[in-house]
Amino acid sequence: SPPEMEQHHRHHNDLTSNNTLSIKELQLPCLKALRLGEGLKSARCVQYVREFQGRVTDGMRRATEFREFDEQARGFRLWQKAG
């Protein structure tokens, strides 16, 4: 529905506009955005997840916090489809 899509867009903008946030600060908003996106049939949601995944650096991937996040995110269809 439009309000859900609007909320999903806000989460995407929050997550991609601030490169100074730590992995721990991003974890909950990212998981919330993935949950919202699961209920939407939108190619744009997959595009957002791909964009986010593309911004993750090798250093971030090695961090314990990211590995914990990735473990949770892998449970979402969007994360799997985008990856």
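Anyway, here's the lowdown on the structure attached to this text. (Residues numbered from 1 in each chain as written. Predicted model: local features only at pLDDT ≥ 70, side-chain atom pairs only at ≥ 80, totals over all residues. Heavy atoms only, no water.)

**Things to note about empty space enclosed by the protein**
Rolled over the atoms, a probe sized like a water molecule indicates the empty space that remains. As a reminder of what qualifies: Grid points spaced at 1 Å over the protein atoms alone were grouped into cavities, where a 1.4 Å probe fits but cannot get out, and pockets, open sets with protein on both sides within 12 Å along at least five of seven lines, with lining residues defined by an atom within 4 Å of a point. Grid points are joined across faces, edges and corners, and a volume is the space filled by probe spheres set on the points. The secondary structure listing takes helices from DSSP runs of H or I that are at least 4 residues long and strands from runs of E that are at least 2 residues long, numbered from the N terminus. Under this grouping Gly is polar, as are all residues other than the nonpolar Ala, Val, Leu, Ile, Met, Phe, Trp, Tyr, Cys and Pro and the charged Asp, Glu, Lys and Arg.
Overall, the coordinates contain 2 cavities of 30 Å³ or more when judged by the stated rule. In this structure, the second largest cavity occupies an estimated 60 Å³ of space. Lining the second largest cavity we find Ile23, Leu26, Gln27, Cys30, Phe52, Val56, Met60, Phe66 and Phe69. Elements with a minimum of two residues in the lining of the second largest cavity: helix H2 (23-38) and helix H5 (64-73). It is H2 that provides the largest number of residues to the lining of the second largest cavity, a total of 4 residues. Residue classes in the lining of the second largest cavity are distributed as 8 nonpolar, 1 polar and no charged.

**As for the pattern of salt bridges**
Heads up, the rule is: For this document, the term salt bridge refers to a Lys or Arg side-chain nitrogen within 4 Å of an Asp or Glu carboxyl oxygen. Buried means the residue's accessible area, taken with a 1.4 Å probe over protein chains only, is under 20% of the maximum for its type, while exposed means over 50%, and partly exposed covers the values in between.
Scanning the entire structure with this criterion turns up 2 salt bridges. Glu51 is paired through a salt bridge with Arg55; the nearest N and O atoms lie 3.3 Å apart. Separated by 4 residues within a single helix, Glu51 and Arg55 lie in helix H3 (residues 43-55), roughly one turn from each other. Using a relative accessible area of 30% as the deciding quantity, one classes Glu51 as partly exposed. Between Asp70 and Arg74 there is a salt bridge, with its nearest N and O atoms 3.2 Å apart.

**Points about H5**
Selection rule: Summarising the geometry, the arc corresponds to the directions from the helix axis toward the C-beta atoms. Residue contacts follow a heavy-atom distance rule, with two residues in contact if any of their heavy atoms lie within 4.5 Å.
Within the sequence span of H5, burial applies to Phe66, Phe69, Asp70 and Ala73. The buried residues of H5 occupy one face: seen down the axis, they fall within an arc of 100 degrees. Here the buried face of H5 lies against H2, H3, helix H4 (58-62) and helix H6 (77-82).

**Considering the packing of aromatic side chains**
Rule in force here: For this analysis, a ring pair means two rings from Phe, Tyr or Trp (six-membered ring only for Trp) whose centres lie within 6.5 Å, classed as stacked if their planes differ by under 30 degrees, edge-to-face if by over 60, and tilted for the remaining angles.
Taken as a whole and judged by the stated rule, the model has 4 aromatic pairs. Plain terms: the ring middles of Phe66 and Phe69 are 5.8 Å apart, the flat faces sit at 50 degrees to each other, and that makes the pair tilted. Taken together, the residues Phe66 and Phe69, both in helix H5 and 3 residues apart, mark about one turn of the helix. Judged on exposure class, the residue Phe66 and its partner Phe69 are both buried. Members of the aromatic cluster, connected to one another through ring pairs, are Phe52, Phe66, Phe69 and Trp79.

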